[in-house]
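Remarks on the overall topology
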Amino acid sequence: MANVIKLRKGLDINLQGKAEEKIIQLKSNGRYALVPDDFEGVTPKVVVKEGDKVKAGDALFINKQYPEVKFASPVSGTVTAVARGERRKVLCIQVEADAQQEYVDYGKKDVTRMDGQQVVDALLEAGIFGYINQLPYAVSTNPSVLPKAIFVSALRDKPLASSFEFEAKGQEQDFQTGLTALSKIAKTYLGCGMHSSFENYKDVEATVFDGPCPAGNVGVQVNHLDPVNKGEVVWTIGDPTVVLFIGRLFNTGKVNLTRRVALCGSEVKAPAYVDMLVGEELSTLLSNSYDASHSVRIINGNVLTGKVTTKDGYLGAHSSEITVIPEGDDADEMLGWILPRLKQFSVNRSYFSWLLGNKRYALDARIKGGERHMIMSGEYDRVLPMDIYGEYLIKAIIAGDIDRQEALGIYEVSPEDFALAEFVDSSKLELQRIVREGLNILRKENA
């Protein structure tokens, strides 16, 4: 029986447009791209050029800081472009897929007979090691520093989040193989939700997290199970599909970056699931899926932590949802917030909608207010189930006080841990951006 940790702090936001558990079939247009910005903390060095032929599993770029960390092509085909932005920053490496896919064969392996270093070497060789992150700094991990523990979260609880239970159906053996491989490197913790089948997997210590969002955040789970102190490193997998990538590699000898994605949001006509490869162009998925007659926001990921994208964007390396919600720039509301409305969500019960129980809302992307001075109101603490003082930590980051940041637990947090605090913040501060900048500065100082 798994341990149960009850969390009381947090907030569940019920939105319209949750994906129905059925799979729609799509024919890909053959255009793919791997985006280095999907891998936080990685400085890419491109190892292919336009016109090169690659197989699925061949490296497209490496991490300049740790050259042994490669990033594999999701498909076989021809490199059509290396897109660059300002100061020649690599935006993406585009590949036109072959009609008949070819894979690099890395050979099937029995993970029960491997040690931790052999597992790490196999992941590095196949170009999927970079999908594993670490705390501190919440960046793609350094393979030369082994962790004190590895944390995997199989609980997705953000608004409109896809169900990993549904994704993992039929892939239980791959998930078990992936967990066993990770357990060879260090003690592995698996976080899951109530009434989940994941607590029955072997070679890991399973813990049930019972509470509202963000109970599924891997940082929250680390904080309750084995907090990170200065000088310590833990590896984190907040995207459990990565464990499937690892399991497939050892069970088949091939890199298979297929993931089950929820097409969701109040603007989507028929929310459902679709199987896509990492880096697949979104135009096929999004064509005719929503009403284009008014302004919408397309989000690569979930509404709290995802990135704004377009039809011409590509599926993110860690995105398990493509969310479409109203932009809100064409909204025309008489008397604004003064009216006692029932269709708007309010954390502070400013509207009468809180009387309607678990009503689902069609929220738009408006901030509804301007950035102002930070108010010490305890708002963050109500939605942050971690043993840290969130408001004081944010103030220390803004002030650039590194000693104070360390004392307040910056090594334990990642930007996504402050996503809900950003949502409820009456000061309208970009908390995730602030935390990311603070972590980047600290990482540079400690290098």
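So, here's what we can say about the structure. (Residues numbered from 1 in each chain as written. Predicted model: local features only at pLDDT ≥ 70, side-chain atom pairs only at ≥ 80, totals over all residues. Heavy atoms only, no water.)

1. Regarding the packing of aromatic side chains
What describes a pair of aromatic rings is the distance from one ring centre to the other and the angle between the planes of the rings. A full pass over the atoms with the stated rule returns 17 aromatic pairs. The cationic tip of Arg260 hangs over the ring face of Phe166; the distance from NZ or CZ to the ring centre is 5.2 Å. Its guanidinium or amino end placed over the ring of Tyr361, Lys359 lies 5.7 Å from that ring's centre, counting from NZ or CZ. (Phe/Tyr/Trp six-rings, centres within 6.5 Å; stacked < 30°, edge-to-face > 60°. Lys NZ or Arg CZ within 6 Å of the ring centre and 35° of its normal.)

2. Observations regarding the environment of Ala407
Its place among the elements puts Ala407 in helix α9 (residues 402–407). Since its relative accessible area comes to 66%, Ala407 is described here as exposed. Taking the C-alpha atoms as reference points, Ala407 and Ile388, separated by 19 residues in sequence, lie 9.7 Å from one another. (Helix = DSSP H or I, 4+ residues; strand = E, 2+ residues; numbered from the N terminus. Buried < 20%, exposed > 50% of the residue type's maximum accessible area, 1.4 Å probe, protein only.)

3. Looking at the pattern of salt bridges
Evaluated as defined, the whole model comprises 21 salt bridges. The shortest N-O distance in the salt bridge between Glu281 and Arg31 comes to 2.9 Å. Taken together, the residues Glu281 in the loop between β16 (272–277) and α6 (283–286) and Arg31 in strand β2 (residues 31–34) connect sequence positions 250 residues apart. Exposure remark for Glu281: the relative accessible area of 7% places this residue in the buried category. (Salt bridge = Lys/Arg side-chain N within 4 Å of Asp/Glu carboxyl O.)

4. Concerning the nonpolar core
Leu123, Ile128, Tyr131, Phe175, Phe198, Ile246 and Phe250 are the most contacted members of the largest nonpolar core, which totals 66 residues. In terms of residue count, the dominant contributor to this core is helix α5 (residues 241–252) (seven residues). Beyond its immediate chain neighbours, meaning those up to four positions away, Phe175 contacts Phe164, Leu190, Phe198, Tyr201, Pro240, Val243 and Leu244. Membership of the second largest hydrophobic core comes to 51 residues, among which are Phe151, Leu160, Ala396 and Ile397. (Core = buried A, V, L, I, M, F, W, Y, C linked by side-chain atoms within 4.5 Å. Contact = heavy atoms within 4.5 Å.)

5. As for the sheet that holds strand β5 (residues 59–63)
Note on sheets: strands pair through backbone hydrogen bonds, and any given pair is parallel or antiparallel. Here we have three strands laid out as an open sheet, ordered β3-β5-β6, and antiparallel in their pairing. Looking at which strands have only one partner, the edges of the open sheet turn out to be β3 (44–46) and β6 (70–72). Sheet twist, expressed as the mean angle between neighbouring strand axes with direction ignored, is 30 degrees. (Pairing = 2+ DSSP bridges. Axes fitted to C-alpha atoms, helices over the stretch in contact; angles between N-to-C directions.)

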